[in-house]
Amino acid sequence: MNSGGGVWITLEGGDGSGKTTQSNLLAEWLEGAGRTVVRTREPGGSEVGQLIRDIVLHHRGDIAPRAEALLYAADRAHHVSTVVRPALERGEVVLQDRYLDSSVAYQGAGRVLDGDEIRDLSLWAAEGALPDLTVLLDLSPEAARVRLDSADKPFDRLEAEKNDFHARVRDGYLGLAAAEPERFLVLDAAAAPDVIAAQIRERVTALLG
Ligand code: TYD
């Protein structure tokens, strides 16, 4: 999606795959190169989204899988319409933690809803908007668990899921990347952060032209 000359980059990967570190490094580099960067995330990249984020991550007790999928889609609809599109139209770089691939991987592969239906739902919510580049930080669930355990903060609803859930999420992501190789850059998240950052910068340089 490149209407106003802006560039839209999303970061994907399991919990503990290092998205925040890479997002920080990339934002710093882009700003150093003189680009205006809008950093945002799903769920919770807008005011309405913050309310939805609180429900999906912190509600005590079950949320029916389809309700969970719709909550993420509602967050997405509002976020794309009020934050992402306007920034792209201003010609800015949108650097976003998670987008619709998270829904297909977590609500589709993870919760065993139909992945194509989840993707269609998200595309409807976002009026078909797709990023210019999606960086997938790929990590085994076992390695991710070690990182999350050492981070010393309480797990949210999805982080608390068992390893087989996270294994399905990972397979879901890899399937998405294989289906759209031109949009995805898949990197080994077990590599050193500066090595990963350099690989991302190379691809973003090509994208910025
Ligand atoms: P995240 O913001 O990465 O959490 P944290 O603040 O702990 O880094 O993501 C929140 C959780 O929401 C994460 O476990 C993945 C999940 N998620 C979905 O299940 N579906 C979605 O569509 C999105 C965007 C996130």
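Fair warning: this is a prediction, and the values are worked out from it, not measured in the lab.

Q: Would you mind going over the pairing of strand S4 (residues 133-138) with me for this structure?
A: Of all six residues making up S4, six are buried, and the element is well covered by its neighbours. Burial along S4 is two-sided: the face carrying Leu133, Val135 and Leu137 and the face carrying Thr134, Leu136 and Asp138 are both buried. Relative to strand S5 (residues 184-188), S4 runs parallel, the two sharing five bridges. The residue of S5 that forms the bridge with Val135 is Leu185.

Q: How should I be thinking about the environment of Glu117 in this particular structure?
A: Structurally, the position occupied by Glu117 is in helix H5 (residues 115-125). Sequence spacing of Glu117 and Arg145 is 28 residues, and the spatial spacing of their C-alpha atoms is 29 Å.

Q: Where do I start with empty space enclosed by the protein in this structure?
A: Over the atoms rolls a probe the size of a water molecule, and its path tells where empty space is left. According to the stated counting rule, one finds one cavity of 30 Å³ or more in the structure shown. Estimates place the volume of the largest cavity at around 160 Å³. Those elements that provide at least two residues to the lining of the largest cavity are S4, helix H6 (141-151) and helix H7 (163-179). By residue number, the principal contributor to the lining of the largest cavity is H7, which donates five residues. Looking at the lining of the largest cavity residue by residue, the class counts come to eight nonpolar, six polar and four charged.

Q: What am I meant to see in a negative patch on the surface here?
A: A cluster of acidic side chains, namely Asp114, Asp116, Glu117 and Asp120, defines a negative patch on the protein surface. Of the residues examined, Glu117 reaches a relative accessible area of 49% and is grouped as partly exposed.

Q: Looking at this structure, I do not really get H7. What am I missing?
A: Every α-helix carries 3.6 residues per turn, so stepping three or four residues along brings you back to the same face. The terminal C-alpha atoms of H7, which comprises 17 residues, lie 24 Å apart, in line with the 24 Å expected from a rise of 1.5 Å per residue. Those residues of H7 that sit buried are Phe165, His166, Val169, Gly172, Tyr173, Leu176 and Ala177. Seen along its axis, H7 keeps its buried residues to an arc of 135 degrees; they face one direction. The exposed set on the far side of H7, more than 90 degrees from its buried face, consists of Asp171, Ala178 and Ala179. Looking at the packing, one finds that the buried side of H7 touches strand S1 (7-13), helix H4 (100-110), S4, H6 and S5.

Calculation rules
- What you see as residue numbers is a count from 1 along each chain, following the sequence as written.
- Per-residue local features of the predicted model are confined to residues with pLDDT of at least 70, and side-chain atom pairs are confined, for both listing and counting, to 80 or more; whole-chain, interface and lining totals are unaffected and use all residues.
- Each side-chain value is worked out from all heavy atoms of the structure, with water and hydrogens disregarded.
- The buried label applies to any residue whose accessible area, calculated with a 1.4 Å probe on protein chains only, is under 20% of its type's maximum; exposed applies above 50%, and partly exposed to all values in between.
- Numbering of helices and strands starts at the N terminus; helices are DSSP runs of H or I of at least 4 residues and strands are runs of E of at least 2.
- Pairing between strands requires that DSSP locate at least two bridges from one strand to the other.
- Only protein atoms enter the 1 Å grid used here. Points where a 1.4 Å probe fits but cannot escape make up a cavity, open sets with protein on both sides within 12 Å along at least five of seven lines make up a pocket, and a residue lines them when an atom lies within 4 Å of a point.
- Grid points are joined across faces, edges and corners, and a volume is the space filled by probe spheres set on the points.
- Here the term charged refers only to Asp, Glu, Lys and Arg, the term nonpolar to Ala, Val, Leu, Ile, Met, Phe, Trp, Tyr, Cys and Pro, and the term polar to all other amino acids, Gly among them.
- For patch detection, residues must exceed 30% relative accessible area and be free of salt bridges, and they are connected within 9 Å for like charges or within 5 Å for nonpolar side chains (Val, Leu, Ile, Met, Phe, Trp, Tyr).
- Here the open area of atoms and residues is found with the Shrake-Rupley method and a 1.4 Å probe, where only the protein chains shown may cover a residue.
- A side-chain nitrogen of Lys or Arg and a carboxyl oxygen of Asp or Glu constitute a salt bridge if their distance falls within 4 Å.
- The charge count includes Lys and Arg as positive and Asp and Glu as negative, but it does not include His or the ends of the chains.
- Think of each charge as sitting on NZ of Lys, CZ of Arg, CG of Asp or CD of Glu.
- Here the expected length of a helix is defined as 1.5 Å per residue gap, with one fewer gap than residues.
- Here the arc refers to the set of directions running from the helix axis out to each C-beta atom.
- Residues are treated as being in contact if the distance between any of their heavy atoms lies within 4.5 Å.

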